Amino acid sequence: MNTLEVPQGKFTLNRYPARNDDPLRAWDAADEYILLHLQEQKILNKTSKILILNDAFGALSIALEKYQPCTVSDSFISHQAIIENSNINKIAHQKITLQTPFQPLSGTYDLVIIKIPKNLAMLEDELYKIRDYCNDNTIIIAAAMSKYIHTSSVKLFERILGTTTTSLARKKARLVFSKIDANLKPGTSPYPTQYTLDINNEAYSNHANLFSREKLDLGSRFMLKHIPQLANHGHILDLACGNGILGIVAAQLNPLADISFVDESYMAVESARMNAKKLLKDSSRCSFKVTDCLQGIENESIDLIINNPPFHQNHVVGDFIAWQMFKDARKKLKKGGKLIIVGNRHLGYHIKLKKIFGNCEMIANNKKFVILKSVN
Ligand SMILES: C[S@@+](CC[C@H](N)C(=O)[O-])C[C@H]1O[C@@H](n2cnc3c(N)ncnc32)[C@H](O)[C@@H]1O
């Protein structure tokens, strides 16, 4: 179940975080297709310089480890997965240069491999960023399951890089081939972009991979009305902060509180940092952390956690991340500390919260969302 067999070898790969009896694999047919294509077309030689984008759990980076690739991902979880899977396969993970989207690339790549992300804005931003590190000889191969490759994605490749073609489907996956056209002048990435909040006219900046990048999410909008004021100064944490909107409003309502912003996306945390600096008079009371749920946060240190939890990991829908977030929240809250969450009514988060905290109160609800509170 967790053995990837490709021309480059056999590798044991787990998803991250590991779950008991996980029915899902840590790679897909698009990863297999790329690796097969590289071998069949004899694309690589000993000195090939490789850039890999959006490798979810390390299938590509680990199979191509002997070329010492540079792997860029916006996801802390992907970075952790690649490190753990390297260890399992007895590969020194330092051979793979792991980078966030904010670390600079260098030189010219012979091969660029792109796992096409779910978010088209993210793809657009990435294509602009890689263009300067490719030349006429660079082989650019993107891949995804066919159902995730839209005409609009192919058009982005043509507009930003140059001539683009697609392969036949294999096991429902498809490859996209692009060639740099030196005569194209596509300009620069439009990201980060901004939206203005109609409630107070504040402008929020959002990097390309942000949840609800173009406008405030309806669940978060509902939550804004229910962020409490603490009786004393204290420590508030915006868990899964996205662009930081919930934490920033909490900071405005609680001018003496310390505020922490946490997310697993580097782009989310950078957006929250940018917005807190711009919108808060005193942003020195804010701290920012990229991590998985609340890993690395001190136990019993927080008075209030506010959270609009995710209900998917890439294309996989589920409540397993929310579950982990609630369990972590229980550990990180002080005695008497509160977790306040917003969620779609049908997700049944109250059952989980009751199980974990032994209590759960509905603070508010509308047709679509509920706001729930549990006390530690
Ligand atoms: C529904 S959005 C909420 C964003 C923001 N708080 C808002 O209300 O607009 C969920 C956020 O969870 C983050 N996320 C997903 N998995 C995570 C994990 N394991 N640990 C921390 N954050 C995670 C996503 O990057 C995303 O920013």
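Residues numbered from 1 in each chain as written. Predicted model: local features only at pLDDT ≥ 70, side-chain atom pairs only at ≥ 80, totals over all residues. Heavy atoms only, no water.

### As for the overall build of the protein
So, point 1. Counting its regular elements, the protein contains 10 helices and 20 strands.
So, point 2. Against the globule reference of 21 Å for 376 residues, the protein gives a C-alpha radius of gyration of 22 Å, in line with a compact fold.
So, point 3. With the C-alpha coordinates of the protein rotated into their principal frame, the extents come out at 65 × 45 × 40 Å.
So, point 4. Looking at the 376 residues of the protein, the share that counts as buried comes to 54%.
So, point 5. Contacts in the protein between residues far apart in sequence, at least 24 positions, make up 68% of those at least 6 positions apart.
So, point 6. As displayed, the protein has an accessible area near 17600 Å², and 50% of this comes from carbon and sulfur atoms. (Helix = DSSP H or I, 4+ residues; strand = E, 2+ residues; numbered from the N terminus. Rg over C-alpha atoms; globule rule 2.2 N^0.38 Å. Buried < 20%, exposed > 50% of the residue type's maximum accessible area, 1.4 Å probe, protein only. Contact = heavy atoms within 4.5 Å. Areas by Shrake-Rupley, 256 points an atom, 1.4 Å probe, with all protein chains shown as cover.)

### Concerning the sheet that holds strand β20 (residues 369–375)
Sheet strands associate in pairs through backbone hydrogen bonding, adopting either a parallel or an antiparallel arrangement.
So, point 1. As summarised here, the arrangement of the 7 strands in space is β14-β13-β12-β15-β18-β20-β19, forming an open sheet in which the pairing is mixed. Looking at which strands have only one partner, the edges of the open sheet turn out to be β14 (286–290) and β19 (361–365). Taken over all neighbouring pairs, the strand axes of this sheet differ in orientation by 20 degrees on average, direction set aside.
So, point 2. Against the sheet, helix α9 (residues 320–332) makes contact with β12 (235–239), β15 (302–307) and β18 (333–344), and its axis sits at roughly 160 degrees relative to β18, the strand it touches most. (Pairing = 2+ DSSP bridges. Axes fitted to C-alpha atoms, helices over the stretch in contact; angles between N-to-C directions.)

### What to know about the site of the ligand
So, point 1. S220, A240, D263, D292 and C293 are the nearest of the 18 residues found near the ligand.
So, point 2. Between the ligand and D292 there is a distance of 2.8 Å, counted from a nitrogen atom to a side-chain nitrogen or oxygen.
So, point 3. Here an oxygen atom of the ligand sits 3.4 Å away from a polar atom, N or O, in the side chain of N308.
So, point 4. The protein chains hide 92% of the 590 Å² of surface that the ligand would expose on its own. (Near = heavy atom within 4 Å. Polar contact = N/O pair within 3.5 Å; in protein donor to acceptor, adjacent residues only side chain to side chain.)

### Points about helix α3 (residues 76–88)
So, point 1. In this model α3 runs 18 Å from its N-terminal to its C-terminal C-alpha over 13 residues, within 8% of the 18 Å that 1.5 Å per residue would give.
So, point 2. Turning to α3, its buried residues number three or more, namely F76, I77, S78, H79, Q80, A81, I82, N85 and S86.
So, point 3. N-cap assignment for α3: the residue whose side-chain oxygen lies 3.2 Å from the backbone N of I77 is S75.
So, point 4. Just past α3, the residue K90 takes up positive phi, approximately 55 degrees. (Expected span 1.5 Å × (residues − 1).)

### Considerations on the packing of aromatic side chains
Aromatic ring pairs are defined here through the distance separating the ring centres and the angle between the ring planes.
So, point 1. Scanning all chains against the criterion turns up 3 aromatic pairs.
So, point 2. With centroids separated by 6.2 Å and ring planes inclined at 25 degrees, the aromatic side chains of Y195 and Y204 adopt a geometry described as stacked.
So, point 3. For Y195, a relative accessible area of 8% gives the class buried.
So, point 4. Residue Y204 is classed as buried on the basis of its relative accessible area, which comes to 0%.
So, point 5. Both rings, one in F261 and one in F288, keep their centres 5.1 Å apart while their planes meet at 10 degrees; by these two values the pair is stacked. A residue pair is termed long-range when its members are at least 10 positions apart, and F261 in strand β13 (residues 258–263) and F288 in strand β14 qualify at 27 residues.
So, point 6. The exposure class assigned to F261 is buried, which follows from its relative accessible area of 0%.
So, point 7. Here F288 falls in the partly exposed class, since its relative accessible area comes to 21%. (Phe/Tyr/Trp six-rings, centres within 6.5 Å; stacked < 30°, edge-to-face > 60°.)

### Details of the nonpolar core
What tends to happen in soluble globular proteins is that the nonpolar side chains get buried as a cluster.
So, point 1. Residues L38, L64 and I113 are the most contacted members of the largest nonpolar core, which totals 36 residues.
So, point 2. Contributions of two or more residues to this core are made by β1 (3–6), α1 (29–40), β3 (50–53), α2 (59–63), α3, β6 (111–115), β7 (139–145) and β9 (173–178).
So, point 3. Per element, the largest residue contribution to this core is 6 residues, and it comes from α1.
So, point 4. Ignoring anything within four residues of it in the chain, the contact list for I113 reads I34, L38, I50, L51, I52, L53, L60, L64 and I141. (Core = buried A, V, L, I, M, F, W, Y, C linked by side-chain atoms within 4.5 Å.)

### Side note on the sheet that holds strand β8 (residues 164–166)
So, point 1. Spatial strand order, β5-β4-β3-β6-β7-β9-β8: 7 strands in an open sheet with mixed pairing. Two strands bound the open sheet, and with one partner strand each, they are β5 (97–99) and β8. Across the sheet, the mean angle from the axis of one strand to that of its neighbour is 20 degrees, orientation sign disregarded.
So, point 2. Relative to β9, α1 is tilted by about 50 degrees, and along the sheet it contacts β6, β7 and β9.
So, point 3. Together, β6, β7, β8 and β9 form the strand contacts of helix α5 (residues 151–160), whose direction differs from that of β8 by roughly 150 degrees.

### Things to note about the domain arrangement of the protein
So, point 1. The domains assigned to the protein are domain 1 (3–178) and domain 2 (193–375).
So, point 2. Taking the mean C-alpha position of each, domain 1 and domain 2 sit 31 Å from one another.
So, point 3. Domain 1 puts 23 residues into the contact, and the matching count from domain 2 is 20 residues.
So, point 4. Taken as a group, D74, F76 and F102 account for 31% of the area that domain 1 buries against domain 2, more than any other trio of residues on that side.
So, point 5. In this assembly, domain 1 and domain 2 are joined by 10 residue pairs in polar contact (both at pLDDT 80 or more).
So, point 6. Of all the secondary-structure elements, those providing two or more residues to the side of domain 1 that touches domain 2 are α3 and α4 (120–131).
So, point 7. Looking at the side of domain 1 that touches domain 2, the element that brings in the most residues is α4, giving 4 residues.
So, point 8. Classifying every residue of the side of domain 1 that touches domain 2 gives 12 nonpolar, 5 polar and 6 charged. (Domains from an automatic or database assignment. Buried area = accessible area lost by both parts, 1.4 Å probe. Nonpolar A, V, L, I, M, F, W, Y, C, P; charged D, E, K, R; others polar.)

### Topic: α5
So, point 1. Listed as buried for α5 are S153, V154, L156, F157 and I160. What you see down the axis of α5 is that its buried residues fit within an arc of 150 degrees, all on one side. Relative to its buried face, α5 has exposed residues pointing more than 90 degrees away, namely T151 and K155.
So, point 2. Residues of α5 that are buried make contact with β6, α4, β7, β8 and β9. (Arc of directions from axis to C-beta.)

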